[in-house]
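# Structure at a glance
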Amino acid sequence: EVGKVADDSGLNLYIVGGFVRDLILGVENLDIDLVVEGDGIEFAQKLVTELDGEIKESHQDFGTAIVNLNNGLKLDIASSRIEYYEYPAAPPQVEAASLKEDLFRRDFTTNALAIQLNSKKFGKLIDYFGGQEDLDSGLIRVLHNFSFIDDPSRILRALKFSNRYDFEIESLTRELIEHAIDQDVIKGLTTGRLGNELALILMEKVAPEILLDLNRFNLLKYFHPDLTWTEKEYNLALKVTNIKEWLEGLGIEEEVDNCYLYLMILVRSLDKDDIRDFLLKFKFPNDLVSKAIFVKEEVKEILNLLLQSRLQSTIVYHKLNDLSIEEMAYLALITDQPEVKEWIKDYLVKLRRIELEVTGKDIIELGHDPGPCFRRVLSKVKDKKLNGELDSYD
Ligand code: ATP
């Protein structure tokens, strides 16, 4: 249907980029990027009138629009364009161009494939730069020698894609990466773009492997001079899956996001102020900042506490009750002590679920005056219950 609207407007329409790559690889991808040879915004307007939907965003300067169709489909629509870089890593200048030129400005051959959507040529694969062959042989290859100079974020993208699909970086491309790194081109990227790439990397399933590559290529220093990701951090990160399975086995419903734990592992060699500066500079969300600082501020103390002999449940309850599930998962991740995991388990499956059958309201209903005294009494009773000092008749 989308293709028909393009037919009626006399425009060539293509689906491009990651969707086509993943279609050929048989990997699910729900991001639909369309390119129109012509005015993309005008096409977007036509689309929403004829197929029912709305334009969510449009950028006149770039000729792009985001369309939500009422059938639930979300489309990113762009006018085919070329981008000029006035100086290395500069924001690109945009000019209308053919599909071939549009594909040529893309990062890798595997991301420069298109499929035509017009009815007469529906499904035709357009492959100007050997993308299909590179997909077949598992290679990440740039389209020209200035690619990493134009946009150094492609260095991080190359490492991301090669690990995600278990592809090799083609040898000339690898040399170009090394050359670009020697020229310090990453320095030209804004913190916004760098932070965005790191956040995307942390969300990858293979983030631990990608971080090993970032370390190998000496790229972590652009985020913070003291960041490292060696075998030690890598091995810890591999245990994240075990901890998540352990939590799942305990019947814990809260989801632990891997990327939180990876980030907590990444920052553990920094001191507290550096952690805060690094995360705020790269615009990580505030809750993540506090979780990362936790790694530095409280972990030791809590681990020591949980290792004390004859520790009372109330103390554990009050200590762990302030922690997020990610913080507890991190504790479980870094400890070799079975007692620590036992207490976390105890807290998660038992202690935090203990409720008093009597509340302040019940006491008020019996005609007594409410007051701080009640709260104190109730909290004392709860502590006793946590410690197993009460049975149900008390
Ligand atoms: P993912 O599965 O990670 O979303 P993707 O290929 O769809 O992969 P996007 O970042 O959504 O990645 O970009 C969409 C397309 O835009 C890419 O396939 C590529 O053609 C192009 N592209 C994105 N970033 C760049 C870049 N830095 N330089 C050149 N082309 C890019």
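Residues numbered from 1 in each chain as written. Predicted model: local features only at pLDDT ≥ 70, side-chain atom pairs only at ≥ 80, totals over all residues. Heavy atoms only, no water.

## Things to note about the pattern of salt bridges
Here the structure, examined in full by the defined rule, presents 21 salt bridges. Among the salt bridges present, the one from Asp287 reaches Lys291, with a minimum N-O distance of 3.4 Å. You can see Asp287 and its partner Lys291 sitting in helix α15 (residues 286-297), four residues apart, about one turn around the helix. Given the relative accessible area of 32%, Asp287 is considered partly exposed. (Salt bridge = Lys/Arg side-chain N within 4 Å of Asp/Glu carboxyl O. Helix = DSSP H or I, 4+ residues; strand = E, 2+ residues; numbered from the N terminus. Buried < 20%, exposed > 50% of the residue type's maximum accessible area, 1.4 Å probe, protein only.)

## Notes on the packing of aromatic side chains
Each aromatic ring pair is summarised here by two numbers: the centre-to-centre distance and the angle between the ring planes. In total, this model carries eight aromatic pairs according to the counting rule given. Centroid distance Phe104 to Phe129: 5.6 Å. Interplanar angle 40°. Geometry classified as tilted. A residue pair is termed long-range when its members are at least 10 positions apart, and Phe104 in helix α4 (residues 99-104) and Phe129 in the loop between β9 (125-126) and α5 (131-137) qualify at 25 residues. Under the relative-accessibility criterion, Phe104 is labelled partly exposed at 36%. When the centroid spacing of 6.2 Å and the interplanar angle of 80° are considered together, the rings of Phe108 and Phe161 count as edge-to-face. Of this pair, Phe108 sits in the loop between α4 and β8 (114-116) while Phe161 sits in helix α7 (residues 153-164); the two residues are 53 residues apart in sequence, bridging distant segments of the chain. By the ring-pair criterion, three or more aromatic residues cluster together here, those being Phe108, Phe161, Tyr165 and Phe167. Positioned over the ring face of Phe161 is Lys160, at 5.1 Å from the centre of the ring. (Phe/Tyr/Trp six-rings, centres within 6.5 Å; stacked < 30°, edge-to-face > 60°. Lys NZ or Arg CZ within 6 Å of the ring centre and 35° of its normal.)

## Regarding the site of the ligand
Around the ligand lies a shell of 17 residues, among which Arg21, Asn111, Asp151, Arg154 and Arg164 are the nearest. Measuring from an oxygen atom of the ligand, one finds a side-chain N or O atom of Arg21 at 2.8 Å. Coverage of the ligand by the protein chains reaches 76% of its 590 Å² of free accessible surface. Those elements that place two or more of their residues in the shell around the ligand are α2 (18-25) and α7. Here the shell around the ligand takes six residues from α7, the largest share from any one element. (Near = heavy atom within 4 Å. Polar contact = N/O pair within 3.5 Å; in protein donor to acceptor, adjacent residues only side chain to side chain. Areas by Shrake-Rupley, 256 points an atom, 1.4 Å probe, with all protein chains shown as cover.)

## Quick word on a nonpolar patch on the surface
A contiguous nonpolar patch, built from Leu23, Ile24 and Leu125 and spanning about 220 Å² of accessible area, is present on the exposed surface. For Ile24, the location among the structural elements is in helix α2. (Patch = residues over 30% accessible without salt bridge, like charges linked within 9 Å, V, L, I, M, F, W, Y side chains within 5 Å.)

## Some words on the packing of α7 against helix α9 (residues 191-202)
Between α7 and α9, the least distance of the axes is 10 Å, while the angle of their chain directions is 5°. One finds that α7 runs roughly parallel with respect to α9. Here Ser153, Leu156, Arg157 and Lys160 of α7 lie close against α9, whose contacting residues are Arg193, Leu194, Glu197, Leu200 and Ile201. The class makeup of the residues in the contact of α7 with α9 is four nonpolar, one polar and four charged. (Axes fitted to C-alpha atoms, helices over the stretch in contact; angles between N-to-C directions. Parallel < 35°, antiparallel > 145°, perpendicular 65-115°, else oblique. Contact = heavy atoms within 4.5 Å. Nonpolar A, V, L, I, M, F, W, Y, C, P; charged D, E, K, R; others polar.)

## Comments concerning the side chain of Asp134
Within the secondary structure, Asp134 sits in helix α5. The exposure class of Asp134 is buried, given its relative accessible area of 3%. If we skip the residues at most four places from it in the chain, Asp134 touches Thr109, Thr110, Leu139, Arg141 and Phe167.

## Let's talk about helix α12 (residues 240-249)
If you check which residues of α12 are buried, you get Val240, Ile243, Trp246 and Leu247. Considered in projection along α12, the buried side chains sweep an arc of 120° and stay on one side of the axis. Opposite the buried face of α12, at more than 90 degrees from it, the exposed residues are Glu245, Glu248 and Gly249. Tucked inside the fold, the buried residues of α12 contact α11 (231-238), α13 (258-266), α18 (325-334) and α19 (338-349). Positive phi appears at Gly251, one or two residues downstream of α12, with a value of about 80°. (Arc of directions from axis to C-beta.)

## As for the sheet that holds strand β5 (residues 74-79)
Read from one edge of the open sheet, seven strands run β3-β4-β5-β2-β1-β8-β9, paired in mixed fashion. At either margin of the open sheet sits one strand with a lone partner, and together these are β3 (53-59) and β9. Direction of pairing for strand β1 (residues 12-16) relative to β8: antiparallel, over a ladder of three bridges. Considered in β8, the bridge of Val16 is made with Ala114. (Pairing = 2+ DSSP bridges.)

## A look at the environment of Trp229
For Trp229, the location among the structural elements is in the loop between α10 (207-216) and α11. Considered as a pair, Trp229 and Glu209 are 20 residues apart in the sequence and their alpha carbons are 9.6 Å apart. With sequence-adjacent residues up to four places away left out, Trp229 is seen in contact with Pro208, Leu211, Leu212, Asn215, Leu220, Tyr234, Ala237, Tyr262, Ile265 and Leu266. Within the structure, the side chain of Trp229 is placed 3.0 Å from the backbone oxygen of Pro208, a separation counted as a polar contact.

## Let's talk about the pairing of β3
Bridging between β3 and strand β4 (residues 64-69) involves six bridges; their strand directions are antiparallel. Opposite Ile55, over in β4, you have Val67 as the bridge partner. Here β3 folds back onto β4, and the loop between the two strands holds four residues, one of which, Gly63, carries a positive phi near 70°.

## Section: the pairing of β4
On a regular strand, each side chain points to the face opposite its neighbour's, so the side chains alternate between the two faces of the sheet. Of all the six residues making up β4, five are buried; the element is thus mostly covered by neighbouring parts of the structure. Across five bridges, the pairing between β4 and β5 is antiparallel. Note that in β5 the partner of Ala65 across the bridge is Ile77. Connecting the antiparallel pair β4 and β5 is a turn made up of four residues, with Gly72 showing a positive phi of about 100°.

That's the geometry; what it means functionally is another story.
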